[in-house]
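Working through the structure, step by step
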Amino acid sequence: MNPQAKLIFITSLLLGTTITISSNHWVMAWTGLEINTLAILPLISKSHHPRAIEAATKYFLVQATASTLVLFSSMTNAWYTGQWDITQLTHPASSLILTAAISMKLGLVPFHFWFPEVLQGSPLITGLLLSTAMKFPPITLLYMTSLSLNPTLLTTLAVLSVAMGGWMGLNQTQVRKIMAFSSISHLGWMAIILIYYPKLTLLNFYLYAMMTAAVFLTLNSMKVLNLSTLMTAWTKAPALSTILLLTLLSLAGLPPLTGFLPKWLIIQELTKQDMAPAAIIISLLSLLSLFFYLRLAYCATITLPPHTTNHMKQWRTNKPVSPSIAILTTLSIMLLPTSPMLTTII
């Protein structure tokens, strides 16, 4: 892709995100979401492969529908209350429509079907943007309207997301699809705590974005798109494979790694809110996700696969690990001891 064009699209992404997260008026928030959608489409379809074009078309249709629902929800609220302020979403029908619209934008169950397909048709770096940066504006809208949302509906969506994200990721062989279902599962954890402790949702999102960025950049550096390639990648970059193992276990939420911190705080807060059954259910359902993270980790490092693959073993390269991967993986593995400081901040 032309560097000038890429610069324009990345700048538009930053602009759209900034407009949405800093706006008080619904129309400005909607404008930011639209700029974001239009800026990411060329990045998804830049390879001109039929699957990439299909992914861009699916993404456009879903995001356009969700944006329409956001506008419809805010107009209905303004019609009844005379308020265009984002934090003043008081009409019950408007808050239900908005929950559906943002769930569609994020890929929460039952509006999740588009996300794995779009991620599978995108390059790894665009997949990283779709999994992290593109989720930030909708999550900030949920954060700003959290007082008006329906707790039962959000809890139901959250539990279903953790369940489906785990179940549907079990038999996948494509790494991008596994990361898509991982994203759906993590969004469930963010949604369940949103009403009770919104800042914890944001903390969870920041840590999730950091760990996902580390995994995507490592996979991109190793040029891995499916499990059979991952099985032979250890000869090419043994250090990266070892780092990937720890980052994946952190993403799964195992102590003493960073990913355990948000899960621990969310379970603690849910029990304080007398929602121990919901905490038990999502904790058990996250074991499904743990299985496919362990599968990825097993393929990456632990042992040679028991069956032969059709892939040639790759030559080891002396290319140094990029500083961004080094910093992100260090943070993804070692932030748990800072939890007392983080809990005082939030």
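Per chain, residues are indexed from 1 in the order of the written sequence. With the structure being a predicted model, the display of local features is reserved for residues of pLDDT at least 70 and the display and counting of side-chain atom pairs for 80 or more, all residues being used for whole-chain, interface and lining totals. As a rule here, side-chain values come from all non-hydrogen atoms in the structure, and water together with hydrogens is ignored.

**What to know about the UniProt feature "domain: NADH:quinone oxidoreductase/Mrp antiporter transmembrane" (unreviewed entry) in the protein**
The UniProt entry lists residues 23–288 under the feature "domain: NADH:quinone oxidoreductase/Mrp antiporter transmembrane" (unreviewed entry), expressed in the numbering used here. Secondary structure content for residues 23–288 is 75% helix and 0% strand, while the C-alpha to C-alpha distance between its ends is 38 Å. UniProt positions are given in the numbering used here, feature names are shortened, and annotations may be inferred rather than shown by experiment. Here a helix means four or more residues in a row that DSSP labels H or I, a strand means two or more in a row labelled E, and each is numbered from the N terminus.

**Here we look at unusual backbone geometry**
Geometrically, the link from Val109 to Pro110 is a cis peptide bond, its omega value of 5° lying close to zero. Tracing the sequence through the fold places Pro110 in the loop between helix 4 (92–106) and helix 5 (114–120). With omega at 5°, the peptide bond leading from Pro255 into Pro256 counts as cis. Tracing the backbone through its elements, the reader meets Pro256 in the loop between helix 12 (238–252) and helix 13 (260–272). Positive phi is not limited to glycine here, since Lys223 has a value of about 60°. Looking at the secondary structure, you find Lys223 in the loop between helix 10 (198–222) and helix 11 (227–232). Whether a residue is buried, partly exposed or exposed follows from its accessible area with a 1.4 Å probe, protein chains only, as a fraction of its type maximum: under 20%, in between, or over 50%, in that order. The exposure class of Lys223 is exposed, given its relative accessible area of 54%. The phi dihedral of Asp274 falls on the positive side, at around 60°, and the residue is not glycine. Looking at where Asp274 falls in the secondary structure, it is placed in the loop between helix 13 and helix 14 (276–302). By relative accessible area, Asp274 is classed as exposed at 70%.

**Thoughts on the packing of aromatic side chains**
Here is the rule: rings of Phe, Tyr and Trp (six-membered ring for Trp) pair when centre to centre is within 6.5 Å. Planes less than 30 degrees apart are stacked, more than 60 are edge-to-face, and the remainder are tilted. Evaluated as defined, the whole model comprises 8 aromatic pairs. Aromatic side chains Phe136 and Phe205 sit 5.6 Å apart centroid to centroid with 10° between the ring planes, which places their arrangement in the stacked category. Separated by 69 residues along the polypeptide, Phe136 in helix 7 (residues 136–144) and Phe205 in helix 10 bring together distant segments of the chain. Side by side, Phe136 and Phe205 carry an identical accessibility label, which is buried. Where Phe260 meets Trp264, the ring centres are 5.9 Å apart and the plane angle is 10°; that geometry is what we call stacked. Note that Phe260 and Trp264 are positioned in helix 13 at a spacing of 4 residues, about one turn of the helix. Judged by relative accessible area, which is 38%, Trp264 ranks as partly exposed. Taken together, Phe136, Phe205, Tyr206 and Tyr208 form an aromatic cluster joined through their ring pairs. It is Lys135 that lies over the ring of Phe115; its NZ or CZ is 3.7 Å from the centre. For a ring to carry a charge above it, either NZ of a lysine or CZ of an arginine must fall within 6 Å of the ring centroid while also lying within 35 degrees of the normal to the ring plane.

**Structural notes on the pattern of salt bridges**
In what follows, salt bridge is the name for a side-chain nitrogen of Lys or Arg lying within 4 Å of a carboxyl oxygen of Asp or Glu. Per the stated rule, a full pass over the model turns up 3 salt bridges. Among the salt bridges present, the one from Lys58 reaches Glu54, with a minimum N-O distance of 2.8 Å. Taken together, the residues span about one helical turn, with Lys58 and Glu54 both in helix 3 (residues 50–81) at a distance of 4 residues. Classification of Lys58 by relative accessible area gives partly exposed; the value is 29%. For Glu117, the salt bridge is made with Lys58, and the minimal N-O distance between the two is 3.9 Å.

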